[in-house]
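Reading the structure
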Amino acid sequence: MIAENLQQVRNNIVRACQAVGRDPEEVTLVAVSKTKPVELLKEAYDADARVFGENKVQEIMEKYDKLPDDIQWHMIGHLQRNKVKYIVDKVSLIHSVDSVRLAETIEQEAARHNVRIPVLIEVNVAEEESKFGVKMEEVLPLLQQICEFPHLEIRGLMTIAPYVENPEDNREIFRQLKKLSVDIAAKNINNITMSVLSMGMTGDYEVAVQEGATMVRVGTGIFGEREYLR
Ligand SMILES: *Cc1c(COP(=O)(O)O)cnc(C)c1O
């Protein structure tokens, strides 16, 4: 079941790339496994998933030791500063940097572990009250304050688009984030690349890929609906 879902998502990504003349190799599929038990993650692993997205520190810590160590764990959820220390040596990308203070904490913990941590800036493109992330116009000022942090590798931008029935309704959001990343890349700021554009979820990842996503975060489309009654 999970293997079939994964194959379908991969096929859809390839098709979305072909529609706009992109190379599917440019797009990384993040299997969003939050709330799902380790057995299901193993199933996905056996179907060649190697990048898993989680949104809770506790869950990463629990799953990390139970699964093979060639998995790349991505922190995709809101990150509290006091929990950074638990995952800094476990995650290969943090998608959700949205303040100088959080970046400072990641910098300090990464220095302590003598590692460099790849991060993305989370952007609330639609300026939804309920969502984390900085506004579009706040991205550059934030980058200018954190670009000198030696233990951060700033790799790009991430957004969680609004929930919509019709994925076309998010196309403009994805275009705006892509444009922002191109504009920032053109400034050639030290220590910053804009190589990653993390956008698109189960409902809209094909549109996101057409608009330039290099990372899509798909949960429901791979693992099925989530139950929150744990
Ligand atoms: C849960 C989650 C996803 C995946 O959502 P689906 O709609 O199940 O694909 C993607 N990104 C973030 C940040 C999430 O929290």
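A brief report on the enclosed structure follows. (Residues numbered from 1 in each chain as written. Predicted model: local features only at pLDDT ≥ 70, side-chain atom pairs only at ≥ 80, totals over all residues. Heavy atoms only, no water.)

Notes on the overall build of the protein chain
Operational definition: Here a helix means four or more residues in a row that DSSP labels H or I, a strand means two or more in a row labelled E, and each is numbered from the N terminus. Within these notes, the globule rule equals 2.2 Å times the number of residues to the 0.38 power, and the radius of gyration is based on C-alpha atoms. The buried label goes to any residue with under 20% of its type's maximum accessible area, the exposed label to any with over 50%, and the partly exposed label to all in between, with areas taken from a 1.4 Å probe on protein chains only. The contact rule is simple, with two residues in contact once any of their heavy atoms fall within 4.5 Å. Counting rule for charge: Lys and Arg are taken as positive, Asp and Glu as negative, and neither His nor the chain ends is counted. Where a charge lies is defined by one atom per residue type, namely NZ (Lys), CZ (Arg), CG (Asp) and CD (Glu).
Looking only at helices and strands, the protein chain features nine helices and eight strands. Against the compact-globule benchmark of 17 Å for 230 residues, the protein chain has a radius of gyration of 17 Å, which places it among compact chains. Along the longest, intermediate and shortest principal axes, the C-alpha atoms of the protein chain span 45 × 40 × 35 Å. Buried positions account for 51% of the 230 residues belonging to the protein chain. The contacts of the protein chain with a sequence gap of at least 6 include a subset with a gap of at least 24, amounting to 59%. Each charge class in the protein chain can be summarised by its mean position, and for the 28 positive and 37 negative side chains these summaries are 3 Å apart.

Brief notes about the pairing of strand S5 (residues 117–122)
Rules: Think of it this way: DSSP has to see at least two bridges between two strands before they count as a pair. With its strands directed away from the observer, a crossover is right-handed exactly when the path from the first strand over the helix to the second travels clockwise.
Most of S5 sits out of view: six of its six residues are buried. Of the two faces of S5, the one lined by Ile-117, Val-119 and Ile-121 and the one lined by Pro-118, Leu-120 and Glu-122 are each fully buried. Pairing between strand S4 (residues 91–97) and S5: two bridges, direction parallel. Opposite Val-97, over in S5, you have Ile-121 as the bridge partner. Following the backbone out of S4, through helix H5 (residues 100–112) and into the adjacent parallel S5, one traces a crossover that is right-handed. Sheet analysis places S5 next to strand S6 (residues 152–158), joined by six bridges and oriented parallel. Residue pairing across strands places Ile-117 opposite Leu-152, the latter belonging to S6. Once you follow S5 into helix H6 (residues 136–146) and on to S6, the crossover reads as right-handed.

Some thoughts on the site of the ligand
The condition is simple: Whether a residue is near a molecule or strand is decided by its heavy atoms; if any one of them lies within 4 Å of it, the residue is near. In protein, a polar contact means a hydrogen-donor-capable atom and an acceptor-capable atom, both N or O and within 3.5 Å, with residues adjacent in sequence counting only if both atoms are side-chain atoms; elsewhere, any N or O pair within 3.5 Å suffices. Exposure was quantified through the Shrake-Rupley algorithm and a 1.4 Å probe, taking into account, for residues, occlusion by the shown protein chains and nothing else. Note on definitions: the grid is 1 Å and covers protein atoms alone; a cavity is a set of points where a 1.4 Å probe fits but cannot get out; a pocket is an open set with protein on both sides within 12 Å along at least five of seven lines; lining residues have an atom within 4 Å of a point. Any molecule with more than half of its atoms within 2 Å of a cavity's or pocket's grid points is regarded as sitting in that cavity or pocket. Each residue receives one of three labels: charged for Asp, Glu, Lys and Arg, nonpolar for Ala, Val, Leu, Ile, Met, Phe, Trp, Tyr, Cys and Pro, and polar for the others, Gly being one of them.
Around the ligand lies a shell formed by Val-32, Lys-34, Ile-76, Met-158, Ile-160, Met-201, Thr-202, Arg-217, Val-218, Gly-219, Thr-220 and Arg-226. Here Arg-217 contributes a side-chain N or O atom positioned 2.8 Å from a nitrogen atom of the ligand. With respect to the ligand, the side chain of Arg-226 contributes an N or O atom lying 2.8 Å from an oxygen atom. Protein coverage of the free-state accessible area of the ligand, which is 390 Å², stands at 89%. For the ligand, the cavity whose grid points lie within 2 Å of the majority of its atoms is the largest pocket. Grouping the constituent residues of the shell around the ligand by class yields six nonpolar, three polar and three charged.

Focus: the packing of H6 against helix H7 (residues 171–185)
Describing two packed helices takes the angle between their axes plus the distance from one axis to the other. For the record, the criterion: Axis definition: a line fitted to C-alpha atoms, over the contacting stretch in the case of helices. Angles run 0 to 180 degrees between N-to-C directions. With respect to orientation, any angle under 35 degrees is reported as roughly parallel, any angle over 145 as roughly antiparallel, any angle of 65 to 115 as roughly perpendicular, and every other angle as oblique. Each crossing gets its handedness from the near helix: less than a right angle anticlockwise from the far helix is left-handed, clockwise is right-handed.
Contact geometry of H6 with H7 gives a least axis separation of 11 Å together with a crossing angle of 30°. Judged on the interaxial angle alone, H7 and H6 are roughly parallel. Once H6 is placed against H7, the crossing between them reads as right-handed. Counted together, Met-136, Val-139, Leu-140 and Leu-143 of H6 and Gln-176, Leu-180 and Ile-184 of H7 form the full contact between these two elements. Residues that form the contact of H6 with H7 fall into these classes: six nonpolar, one polar and no charged.

Here we look at the layout of surface pockets
Note the threshold: Grid points are joined across faces, edges and corners, and a volume is the space filled by probe spheres set on the points.
Approximately 700 Å³ is the volume attributed to the largest pocket. As for the largest pocket, its lining consists of 31 residues, of which Lys-34, Ile-160, Met-201, Thr-202 and Arg-226 are closest to the centre. The residue makeup of the lining of the largest pocket, split by class, is 13 nonpolar, 10 polar and eight charged. The wall of the second largest pocket is formed by 16 residues, among which Arg-10, Ile-13, Val-27, Thr-28 and Leu-29 lie closest to the centre. Its residues placed into classes, the lining of the second largest pocket shows nine nonpolar, three polar and four charged.

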